[in-house]
Amino acid sequence: MLLAHESDTIAAIATPIGEGGISVLRLSGPRAFEIADKGFRGGQKLSECAHLTARVGKFEDEGGRTIDQVVALVFRNPNSYTGEDVVELSCHGGMLVTRTLLETLLRFGARQADPGEFTKRAFLNGKIDLAQAEAVADLIHARSAAAYRSSLHQLQGSLSQQINRIKDHLMDALGLLELELDFAEEGYEFIDKEKVRAEIDKAVQQIDRLIDSYRVGRVYREGVKIVLAGAPNVGKSSLLNALLEENRAIVTDIPGTTRDIIEENLSIGGILFTITDTAGIREATDLVEREGIRRTEEKVATGDIVLFLVDASEPVSAEQIEQAKDISRKVKQRGGTCILVLNKIDLGVNMDPWVKRTDDLAGIPAISISAKTHSGLDVLKNEILQVVLQGGGMYQDGAVVVTNTRHHSALMRSKEGLIKALDSLSQGLTGEFIALDLRSALDSISEISGSVTTDDILNRIFARFCIGK
Ligand SMILES: Nc1nc2c(ncn2[C@@H]2O[C@H](COP(=O)(O)OP(=O)(O)OP(=O)(O)O)[C@@H](O)[C@H]2O)c(=O)[nH]1
Ligand SMILES: [Mg+2]
């Protein structure tokens, strides 16, 4: 399936813009060698080089002026990333050198590549399927070790294999139904309903597993939002600093020190978190502080995990308990989790008052720590990890995790079709009806690997890429 514009040759800078040791430019398309040869002077024409040849030479513009010393790498179709003829030129990594080289290639007949166009060509030429192409973008955007591992896994085809297994079950079920259709005219009514149902059931189970994994998958991609909240001076900023292992936020013994929201990234157990320090919640008279508190409330409302801090060296007040319960209830309503953090245990306080109130706190997990001595931090981190992964299971090598919204929605639609098919089966409808639902379920799931796709889907997917990929 070669679209019209696939006959042109595209060029782009593949490395980040800026100064570096080297920059790499990529050329891909039927005229890649011809265009590179217009400027490359390295003793042998690139068009005559074998696949995987590296040659050192000069690159000249049309006036014979040397732009730079380059290394040219030759990839011959179909054994390149895109499946087309590809030349990669490594030049010295200055912005001016790189831009000049690119502009020269464009004047020699190449077209500036769109974002993701190299990967799109790889997909269109059958080098990778759509799920793998998307994994390339995820890999580049990965912000945590877990996200990186799962996209690498997907790039190697793990999700596609899983999808193919599901498709096999659906094809088998369709095959059985078609058998019935073929023989219906001859008066047979011998569809083996139980076999059809068994195949569909297996497909639904496998789809369910993938849908479940999406919860963990979202966490890998977007990170989990942790919000620190509590009264002034309880040690929120101290905890932020302790978790980040740097003095990011100002800490003083003056209540109301933090006024604006502070947001930082943090990795715990290979999972990405954004952690937000907020202004302490109290009745404020000062306009600036009041605005800070308003923002705190807004932030608390978006946290996946809210750490509600109290100063455990102070006597417990009924108000604090009420506040903890109130926040926990609100957070829970949104599907989040509130953890009560009893801070300043280094002051040798008696925890009994808090422990005695745990009945009041009905089900809010409580962890004692000292932001000052860091004691209890590991327990807290562990609790946070447990919350994130509860039910979903930690990412294990070999496990397929759905991280992509598009895949998730295709799986949901496919499941809908299958549930309908099972209904029709129970109602004793004819094979034709059931086959219709099965086919639509098959189409939905095929969108993931891209065997069924539309230009619109493709455009949206590849727009996420950087230029040069
Ligand atoms: N002994 C002890 N002191 C702590 C601990 N955590 C924080 N503090 C002290 O408590 C005071 C307030 O700490 P902050 O981290 O600024 O408190 P905060 O909750 O951010 O306060 P606001 O920004 O005003 O809302 C500072 O003097 C800290 O040194 C702790 O675990 N033990
Ligand atoms: Mg603070």
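Residues numbered from 1 in each chain as written. Chains lettered and ligands numbered in written order. Predicted model: local features only at pLDDT ≥ 70, side-chain atom pairs only at ≥ 80, totals over all residues. Heavy atoms only, no water.

Points about the site of ligand 1
Convention followed: When at least one non-hydrogen atom of a residue lies within 4 Å of a molecule or strand, that residue is treated as near it. N or O atoms closer than or at 3.5 Å make up a polar contact, with two conditions inside protein: a donor-capable atom paired with an acceptor-capable one, and, for residues adjacent in sequence, both atoms drawn from side chains. Helix and strand definitions follow DSSP, with helices as H or I runs of at least four residues and strands as E runs of at least two, each counted in order from the N terminus.
Surveying the vicinity of ligand 1 reveals 23 residues, the closest of which are K236, S238, G256, T257 and D346. One nitrogen or oxygen atom from the main chain of G280 is found 3.2 Å from an oxygen atom belonging to ligand 1. Note that an oxygen atom of ligand 1 is positioned 3.2 Å from one of the side-chain N or O atoms of S370. Considering each element in turn, the shell around ligand 1 owes the most residues, 3 residues, to helix α8 (residues 236-244).

Notes on the sheet that holds strand β10 (residues 271-277)
Sheets are built from strands that pair by backbone hydrogen bonding, the pairs being arranged parallel or antiparallel. We count it as follows: When DSSP locates at least two bridges between a pair of strands, those strands are taken to pair. Lines fitted to C-alpha atoms define the axes, with helix axes restricted to the stretch in contact, and inter-axis angles between N-to-C directions lie between 0 and 180 degrees.
The strand order β9-β10-β8-β11-β12-β13 describes an open sheet built from 6 strands, whose pairing is mixed. This sheet does not close on itself; its edge strands, each paired only once, are β9 (262-268) and β13 (366-368). Strand-to-strand, the axes of this sheet are offset by a mean angle of 25 degrees, without reference to chain direction. Summarising the sheet, strand β12 (residues 337-343) and β13 pair through 3 bridges and their orientation is parallel. Directly across from V341, in β13, lies its bridge partner I367.

Topic: the packing of aromatic side chains
What counts here: Note on ring pairs: Phe, Tyr and Trp rings are taken, using the six-membered ring of Trp, and paired if centres are within 6.5 Å. Classes follow the plane angle, with under 30 degrees stacked, over 60 edge-to-face and the rest tilted. Over a ring means this: the NZ of a Lys or the CZ of an Arg is within 6 Å of the ring centre and within 35 degrees of the ring normal.
Under the definition given, this model contains 1 aromatic pair. Ring centres of F59 and F108 lie 6.5 Å apart, and the angle between their planes is 35 degrees; on these two criteria the pair is classed as tilted. Of this pair, F59 sits in strand β4 (residues 53-60) while F108 sits in the loop between α2 (95-107) and β7 (111-112), and the two are 49 residues apart along the sequence. In this structure, R26 is placed above the aromatic ring of F118, and the distance from its NZ or CZ to the ring centre is 5.2 Å.

Concerning the pairing of β12
Residues in a regular strand point their side chains to alternate faces of the sheet. Note the following rule: In this scheme, a residue with accessible area under 20% of its type's maximum is buried, one over 50% is exposed, and one in between is partly exposed, where area comes from a 1.4 Å probe on protein chains only. Handedness of a crossover is defined as follows: with both strands directed away from the viewer, a clockwise route from the first strand across the helix to the second makes it right-handed.
With respect to burial, β12 is a largely interior element, 7 of its 7 residues being buried. Where strand β11 (residues 305-311) meets β12, 7 bridges bridge the pair, whose relative direction is parallel. Across the sheet, residue L309 finds its bridge partner in β12, namely V341. Traced from β11 through helix α10 (residues 318-333) to β12, the parallel crossover comes out right-handed.

Side note on the environment of L422
Threshold: In this description, contact between two residues means that some pair of their heavy atoms is separated by no more than 4.5 Å.
On the secondary structure map, L422 appears in helix α13 (residues 405-426). Under the relative-accessibility criterion, L422 is labelled buried at 13%. Between the C-alpha atom of L422 and that of G94, which follows or precedes it by 328 residues, the distance is 62 Å. Those residues within four positions of L422 in sequence are excluded, and the remaining contacts are R197, I200, D201 and V204.

With respect to the coordination of the magnesium ion (ligand 2)
Let me state the cut-off plainly: Only N, O and S atoms count as donors, using a 2.8 Å cut-off from the metal and 3.2 Å for Na, K and Ca, and because water is excluded some sites may appear unfinished.
The protein atoms donating to the magnesium ion (ligand 2) are S237 (OG) and T258 (OG1), with metal-donor distances spanning 2.0 to 2.1 Å. Of this pair, S237 sits in helix α8 while T258 sits in the loop between α8 and β9, and the two are 21 residues apart along the sequence.

Some words on unusual backbone geometry
Cis geometry marks the peptide bond from N77 to P78; its omega dihedral reads 0 degrees. Positionally, P78 belongs in the loop between β5 (66-75) and β6 (86-92). Residue N233 is not a glycine yet carries a positive backbone phi of 70 degrees. Inspection of the secondary structure assignment puts N233 in the loop between β8 (224-230) and α8. The class of N233 is partly exposed, set by a relative accessible area of 29%. Backbone geometry at H374 places phi at a positive 70 degrees, although glycine is not the residue there. With respect to the secondary-structure elements, H374 resides in the loop between β13 and α12 (377-389).

Looking at the nonpolar core
Stated precisely, the cut-off is as follows: To define a nonpolar core, start from buried Ala, Val, Leu, Ile, Met, Phe, Trp, Tyr and Cys residues and group those joined through side-chain atoms within 4.5 Å. Segmentation into domains, and thus their bounds, comes from an automatic or database assignment.
Within the largest apolar cluster, 37 residues are counted, with the highest numbers of intra-cluster contacts made by L239, I271, F273, I305, L307, I339 and L380. Per-domain counts for this core show at least three residues from each of domain 2 (140-219 + 400-450) and domain 3 (223-372). Apart from residues lying up to four places away in sequence, I305 is in contact with V224, K225, I226, V227, T337, I339, I384, V387 and V388. I163, I166, A173 and V400 belong to the second-largest nonpolar core, a separate cluster that totals 31 residues.

Some thoughts on the packing of helix α4 (residues 130-141) against helix α14 (residues 431-449)
Short version of the rule: Angles below 35 degrees are treated as roughly parallel, those above 145 as roughly antiparallel, those between 65 and 115 as roughly perpendicular, and all remaining angles as oblique. Polar here means any residue other than Ala, Val, Leu, Ile, Met, Phe, Trp, Tyr, Cys and Pro, which are nonpolar, and Asp, Glu, Lys and Arg, which are charged; Gly is therefore polar.
Contact geometry of α4 with α14 gives a least axis separation of 5 Å together with a crossing angle of 45 degrees. The pairing of α4 with α14 is recorded here as oblique in orientation. Between α4 and α14, the contacting residues are L130, A131 and E134 on the first element and E447, I448 and S449 on the second. Of the residues assigned to the contact of α4 with α14, the class counts are 3 nonpolar, 1 polar and 2 charged.

Things to note about the side chain of T98
Structurally, T98 is set in helix α2. Using a relative accessible area of 4% as the deciding quantity, one classes T98 as buried. Of the polar contacts made by the side chain of T98, one reaches the backbone oxygen of G94; its length is 2.5 Å.

Regarding α13
Heads up, the condition is: The span expected for a helix works out to 1.5 Å for each residue beyond the first.
When the terminal C-alpha atoms of α13 are compared, their 32 Å separation across 22 residues agrees well with the 32 Å that a helix rising 1.5 Å per residue should span. What α13 keeps buried is the set R406, H407, H408, A410, L411, S414, G417, L418, A421, L422, S424 and L425. Where α13 begins, one side-chain oxygen reaches toward the backbone nitrogen of R406, 2.8 Å away; that side chain belongs to N404. One or two steps after α13, the chain reaches G428, where phi turns positive at roughly 75 degrees.

Notes on the domain arrangement of the chain
Each domain of the chain was delimited in the assignment, giving domain 1 (4-128), domain 2 (140-219 + 400-450) and domain 3 (223-372). Taking only C-alpha atoms, the centre of domain 2 and the centre of domain 3 are 44 Å apart. Across the contact, 6 residues belong to domain 2 and 7 residues belong to domain 3. If you look at where domain 2 meets domain 3, you find 0 residue pairs in polar contact (both at pLDDT 80 or more). Those elements that provide at least two residues to the side of domain 2 that touches domain 3 are α5 (145-155) and α7 (193-222). Residue classes in the side of domain 2 that touches domain 3 are distributed as 3 nonpolar, 1 polar and 2 charged.

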